[in-house]
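Descriptive analysis of the structure
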Amino acid sequence: MFTGIVEELGEVVSVENLGDSSLFRLRGPIVTEDAKHGDSIAVNGVCLTVVETAGGEFTADVMAESLKRSSLGALVPGSRVNLERPMALGGRLGGHLVQGHVDGTGTVLERIPGEHWEIVKIGLPAALARYVVDKGSITVDGISLTVVEAGNDFFTVSLIPTTLELTTLGIKQPGDLVNLEVDVLAKYVERLLGGGAGTGAAGGPVA
């Protein structure tokens, strides 16, 4: 379980195509300080399992399904990525409960600069829009954010300077893909009320 508070802006070192999967090597000195084989690290909001660590870098296998249903398939050496270790038991919940199971991808539509912040408008599939509400929580590329405005096929978020400086949302441009994970509580409520299985537009969440 994660909180959506990005610990480090890392970098893709290499991507090895293995046919039905890819092996990613990523640089992240902070998140690898205590990481070992089998641990989890969220990469742009996708929970990945550490294969090995060395010199401030770690490798992780990414299955074809995850590559197809998330924005990880578009990453190349040099791409910047948001990194977060799982929340320790008893730790502070600085953002909101984030599973690291991406529900689908959205597209950056517009950036509106302000004096001390920036509004980013993101398009999303209609099947996910029903889980997004004004002032609710959503995870974008692994970042816990508060929704400013929720539309039928878009939502907006307001980004403070720290978020712009320390995460990928500071460099994402209109047309770029972002990973989305909606609030899991909304999906549970829908299921309990008999409204459906609570799956994303792509047919289900990506681990």
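Residues numbered from 1 in each chain as written. Predicted model: local features only at pLDDT ≥ 70, side-chain atom pairs only at ≥ 80, totals over all residues. Heavy atoms only, no water.

The next thing to look at is the pattern of salt bridges. Once their charged atoms are close, side chains differing in charge can pair, the charge on each being opposite to the other. The full count for this structure, using the stated rule, is 13 salt bridges. R27 is the salt-bridge partner of E57, the closest N and O atoms lying 3.1 Å from each other. Taken together, the positions of E57 in strand β5 (residues 57–63) and R27 in strand β2 (residues 21–27) put the pair 30 residues apart, joining distant regions of the chain. Residue E57 is classed as buried on the basis of its relative accessible area, which comes to 15%. The class for R27 is partly exposed, based on a relative accessible area of 33%. As a salt-bridge pair, D103 and K187 come within 2.8 Å of each other at their nearest N and O atoms. Of this pair, D103 sits in the loop between β6 (80–84) and β7 (104–113) while K187 sits in helix α4 (residues 184–192), and the two are 84 residues apart along the sequence. Under the relative-accessibility criterion, K187 is labelled buried at 10%. If you follow the salt bridges from partner to partner, you end up with E11, R25, R27, E52 and E57 in one network. (Salt bridge = Lys/Arg side-chain N within 4 Å of Asp/Glu carboxyl O. Helix = DSSP H or I, 4+ residues; strand = E, 2+ residues; numbered from the N terminus. Buried < 20%, exposed > 50% of the residue type's maximum accessible area, 1.4 Å probe, protein only.)

For the rest of this paragraph, the subject is the sheet that holds β6. One closed barrel accounts for 6 strands, arranged β1-β2-β5-β4-β3-β6; its pairing is antiparallel. Strand after strand, the sheet turns through a mean of 45 degrees between neighbouring axes, direction not considered. As paired strands, strand β3 (residues 40–43) and strand β4 (residues 46–54) are joined by 4 bridges and run antiparallel to one another. Its bridge partner being in β4, V43 is matched across the sheet by V46. (Pairing = 2+ DSSP bridges. Axes fitted to C-alpha atoms, helices over the stretch in contact; angles between N-to-C directions.)

What follows is about the nonpolar core. Ranked by size, the top nonpolar core spans 21 residues in total, and within it L124, V132, V140, L145, F155, L169 and V178 carry the most contacts. Elements represented by at least two residues in this core include exactly β8 (118–123), α2 (126–129), β9 (137–140), β10 (143–150), β11 (154–159) and β12 (177–182). Ignoring anything within four residues of it in the chain, the contact list for V178 reads G104, T105, G106, T107, V108, I122, V140, D141, L169 and K172. Among the nonpolar cores identified, the runner-up in size contains 19 residues, and V31, A35, V43 and L72 belong to it. (Core = buried A, V, L, I, M, F, W, Y, C linked by side-chain atoms within 4.5 Å. Contact = heavy atoms within 4.5 Å.)

The subject of this paragraph is α4. Within α4 the residues assigned to the buried category are V184, K187 and E190. Seen end-on, α4 carries its buried residues on one side only, within an arc spanning 120 degrees. Of the residues in α4, the exposed ones pointing more than 90 degrees away from the buried face are L185, Y188 and L192. The inward-facing, buried residues of α4 contact β12. Measuring from the side-chain oxygen of the N-cap residue of α4 to the backbone nitrogen of L185 gives 3.1 Å; that N-cap residue is D183. G194 sits one or two residues past α4 and shows a positive phi near 80 degrees. (Arc of directions from axis to C-beta. Polar contact = N/O pair within 3.5 Å; in protein donor to acceptor, adjacent residues only side chain to side chain.)

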